[in-house]
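Breakdown of the fold
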Amino acid sequence: MNSKRIRIFALGVVLALMFSGVAAPLFVRPAAAVAPTSLSDLHGPYVDTIIGEVITGEDQEALALLSNEIDMIGEQMDPQYVNELLADSDIKMFSTDRLGYGLTILPCDQYPWNYTEFRQAFAYTLDKEEGVQDIWYGYASAQDSIIPSSQPTWTYEDDLPDHYYTQDLTKAFARMLDAGFVNDSHAATYEGDTHSWWWRGPHNETLEVEFWASTESGIALAYGDLIAQNLRDMHVKAKPVSVSFNTWLPMMANHTLTDPVFLGNSLPTDPDWIYYELHSDWITEDWYNAASFSNATMDALLEQMLVESNLTKLEEIVDKVQLIAWQECPWVLVYMNKILSFARDDDWTGHINSKGEGTFEYWGRVKTAPKLGGAEDPDGDGFGGILRINLPTDIDSRNYLTTTSGYSDDILGVVYESLVRQDPYSLEDVPGLAWNWTVALNEATNMTEITLDLFNNVTWHDGEVFDANDVNFTVYYLRDNGGHNWA
């Protein structure tokens, strides 16, 4: 047995990983492809080629699918196109609750967002229900808690003492007055709205804000308009700004973004991610705590959350964390939506609708197969063909260790394999490059040891054999080069 052991020291927790090249049964390509029915069917991919074409604008994406220029829309689709797309009998829609939401990240270190009361006033001003109906056509629900309702084990949504679902200008005005914001007593028209007065800052400074949204998303742009309009309803001068995703993402990552941004966020199923997003230790670190939020009580709870082993106590801690986030508003949640995916099934079958992700996630691409004897399967064995998908924007990097774009991950995820995958239906861990693993406490060293047994019939793209040394190299590389926020 060729095995290696490494130890990683992070956040005060010691973790020992052992990788072994134990022999395992080979997966044999079947004589003919079949539609996968359970996670025990680990065959795939079935296609010869996946082509991603950059098509900007959801109207153009819909047109490309309708005209059979692509076989699958490679992102969450704007619901305004549902009826138009489903009018084509060769197009199917797949729906799943998103394990995430749309949100606004507020720069807590920048005026006026450095006033907690102003962030709270904004939360009371935003009409989430209006967005659910007018922008999502009902394919979403209002959301307040930072762990979404689609994760019932952890969410505190239904237990919050109040909700920011509908606009409440009375409460919003009260929070502004509590913070000392003042009435300028001057009638003026701003962005088409006229009021007899507008707010100024607590020290009589100018109050004018911008909200950024991605040019690539019609939903994002619509929310940019709605958010700015709601703020103007509250007598705050506000306007939306459309900025390319690949422009604002690195700015948010390195804390140079001084205005709030609207974005979508998909989340892991465990709550430990909150530590990196809202603990003050990460304010100066790239890709973490984009809101620059600092709260001593939150910090203490998050530190306790990482080490708590009692499940009941852990749930209580996570509830308190969500309550503080709701009160302090570093993030103002907007909605939890349905993921709406669209794909042609005239030449394709076996589409996988991954829970919380849709059909364009990893499993949807490697499990989709040409129909037996169809246009993409002339030899009749259920393999082959070219699966054409669209990309809403070009990927920012071909290097998995440098990109943090979900659009890049959609492509790179079918190029590079991981040690473990998630089952698309249960979200349980299933084999990737590792066919087995065990987790145990080494009482002698007081370390948690994770042992992974690797498949012995795996090669790199150039034919070189994959083994435990490659995994060790990757882990040490990440350790020695500052890590990666997906690793």
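Quick note: structure is the one above.
For every chain, the first residue of the written sequence is number 1, and numbering continues from 1 along that sequence. Only residues with pLDDT of 70 or above have their local features reported here, since the model is predicted, and side-chain atom pairs are shown and tallied only from 80 upward, although totals for entire chains, interfaces and linings are computed over all residues. Neither water nor hydrogens contribute to the side-chain values; these are computed over all heavy atoms in the structure.

1. Some remarks on the overall build of the protein chain
When its secondary structure is counted, the protein chain shows 13 helices and 21 strands. In this scheme, a residue with accessible area under 20% of its type's maximum is buried, one over 50% is exposed, and one in between is partly exposed, where area comes from a 1.4 Å probe on protein chains only. For the protein chain, the residues scored as buried account for 48% of the 487 residues in total. Areas reported here follow the Shrake-Rupley algorithm with a probe of radius 1.4 Å; residue values treat only the protein chains shown as occluding. Entry remark: accessible area of the protein chain is about 22,000 Å², with carbon and sulfur atoms responsible for 49%. Under the scheme used here, helices are H or I runs from DSSP no shorter than 4 residues and strands are E runs no shorter than 2 residues, and both carry numbers assigned from the N terminus.

2. Some words on the pattern of salt bridges
Salt bridges are defined as contacts in which a side-chain nitrogen from Lys or Arg sits within 4 Å of a carboxyl oxygen from Asp or Glu. If you walk through the whole model with that rule in mind, you get 14 salt bridges. Between Asp480 and Arg479 there is a salt bridge, with the nearest N and O atoms lying 2.8 Å from each other. When salt bridges that share partners are traced, they join Asp88, Asp90, Arg344 and Asp346 into one network.

3. What about the packing of aromatic side chains?
When the centres of two rings from Phe, Tyr and Trp lie within 6.5 Å, Trp using its six-membered ring, the rings pair. Their planes under 30 degrees apart give stacked, over 60 give edge-to-face, and anything left gives tilted. Under the definition given, this model contains 27 aromatic pairs. With a centroid separation of 5.9 Å and an interplanar angle of 50°, the aromatic rings of Phe173 and Trp197 are classed as tilted. With a gap of 24 residues between them, Phe173 in helix H5 (residues 169–178) and Trp197 in the loop between strand S9 (193–195) and strand S10 (199–200) connect regions that are remote in the sequence. Aromatic ring contacts, followed pair by pair, group Trp113, Tyr115, Phe118, Phe122, Phe181 and Phe211 into a single cluster.

4. Comments concerning the environment of Lys239
The topology assignment puts Lys239 in strand S12 (residues 237–243). Overall, Lys239 belongs to the partly exposed group, its relative accessible area being 27%. The sequence separation of Lys239 and Ile227 amounts to 12 residues, and the corresponding C-alpha distance is 8.5 Å. Discounting chain neighbours no more than four positions away, the residues touching Lys239 are Tyr190, Glu191, Val209, Glu210, Phe211, Ala228 and Arg232. It only takes one pair of heavy atoms within 4.5 Å for two residues to be counted as in contact.

5. Things to note about the environment of Glu157
Structurally, Glu157 can be placed in the loop between strand S6 (140–142) and H5. Judged by its relative accessible area of 1%, Glu157 falls in the buried class. Distance from Glu157 to Ile147, taken between C-alpha atoms, is 7.7 Å for residues 10 residues apart in sequence. Those residues in contact with Glu157 that sit more than four places away from it in its chain are Ala142, Gln143, Asp144, Ser145, Ser149, His163 and Tyr165.

6. Regarding helix H1 (residues 58–66)
Within H1 the residues assigned to the buried category are Glu58, Glu61, Ala62, Ala64 and Leu65. For H1, the buried positions fall inside an angular range of 160° around the axis, keeping them on one side. Where H1 is buried, its residues touch helix H2 (82–86), strand S4 (91–97), helix H6 (218–233), strand S14 (331–344) and strand S17 (386–391). Following H1 by one or two positions, Asn68 adopts a phi angle in the positive range, close to 65°. An arc is given here, and it is the one of the directions from the helix axis to the C-beta atoms.

7. So, unusual backbone geometry
At the junction of Tyr111 and Pro112, the peptide bond is cis and its omega measures out at -5° in the coordinates. By the secondary structure assignment, Pro112 is in the loop between strand S5 (100–105) and helix H3 (116–125). Phi at Ser185 takes a positive value of approximately 60°, unusual for a residue other than glycine. Of note, Ser185 is situated in the loop between strand S7 (182–183) and strand S8 (188–190). For Ser185, a relative accessible area of 57% gives the class exposed. Non-glycine residue Asn446 carries a positive phi angle of around 55°. Inspection of the secondary structure puts Asn446 in the loop between strand S20 (434–442) and strand S21 (447–454). What makes Asn446 exposed here is its relative accessible area of 60%.

8. A closer look at a nonpolar patch on the surface
Surface patches are defined over residues having more than 30% relative accessible area and no salt bridge, joining like charges when they lie within 9 Å and nonpolar side chains (Val, Leu, Ile, Met, Phe, Trp, Tyr) when within 5 Å. A cluster of nonpolar side chains, contributed by Leu401, Phe473 and Tyr477, occupies part of the molecular surface with about 310 Å² of accessible area. Mapped onto the secondary structure, Phe473 falls in helix H13 (residues 468–480). Assessed through its relative accessible area of 58%, Phe473 is described here as exposed.

9. Here we look at the nonpolar core
As used here, the term nonpolar core means buried Ala, Val, Leu, Ile, Met, Phe, Trp, Tyr and Cys residues forming a set that is joined through side-chain atoms within 4.5 Å. In terms of nonpolar packing, the biggest core is built from 41 residues, with Phe122, Met176, Tyr223, Leu231 and Val236 touching the most fellow members. Elements represented by at least two residues in this core include exactly H3, H5, strand S11 (208–214), H6 and S14. A per-element tally of this core places H6 first, with 7 residues. Membership of the second largest hydrophobic core comes to 38 residues, among which are Val243, Trp248, Ala291 and Leu302.

10. A short note on the packing of H3 against H5
When two helices pack together, their arrangement is given by the angle between their axes and by how far apart the axes lie. Simply put, an axis is a line fit to the C-alpha atoms, just over the touching stretch for a helix, and the angle between two N-to-C directions goes from 0 to 180 degrees. Axis separation between H3 and H5 bottoms out at 8 Å; the angle between their running directions is 170°. Here H3 is positioned roughly antiparallel relative to H5, judged by the angle of their axes. Contacts from Glu117, Phe118, Gln120, Ala121, Tyr124 and Thr125 in H3 reach Leu169, Lys171, Ala172, Arg175, Met176 and Asp178 in H5. Residue polarity follows a fixed list, in which Ala, Val, Leu, Ile, Met, Phe, Trp, Tyr, Cys and Pro are nonpolar, Asp, Glu, Lys and Arg are charged, and the others, Gly among them, are polar. Residues belonging to the contact of H3 with H5 are distributed by class as follows: 6 nonpolar, 2 polar and 4 charged. Note on angle classes: values under 35 degrees are labelled roughly parallel, values over 145 roughly antiparallel, values of 65 to 115 roughly perpendicular, and the remainder oblique.

11. Some details on the state of the cysteines
Covalent bonding between the sulfur atoms of two cysteines defines a disulfide. Throughout, a disulfide means two cysteine sulfur atoms within 2.5 Å of one another. In total, this model carries 0 disulfides according to the counting rule given. Cys329 takes part in no disulfide bond, and the closest cysteine sulfur to it belongs to Cys108, at a distance of 9.0 Å. Its relative accessible area of 1% is what places Cys329 among the buried residues.

12. Remarks on the packing of helix H9 (residues 296–307) against helix H10 (residues 311–328)
The contact between H9 and H10 brings their axes to 10 Å, and the two run at 150°. Looking at the two axes, H9 sits roughly antiparallel to H10. The way H9 lies across H10 gives a crossing that is left-handed. The segment H9 lies against H10, with Thr297, Met298, Leu301, Leu302, Gln304 and Met305 engaging Leu314, Ile317, Val318, Lys320, Val321, Ile324 and Ala325. Each residue belonging to the contact of H9 with H10 can be placed in one class, and the counts come to 10 nonpolar, 2 polar and 1 charged. A clockwise turn of the near helix away from the far one marks a right-handed crossing, whereas an anticlockwise turn of less than a right angle marks a left-handed crossing.

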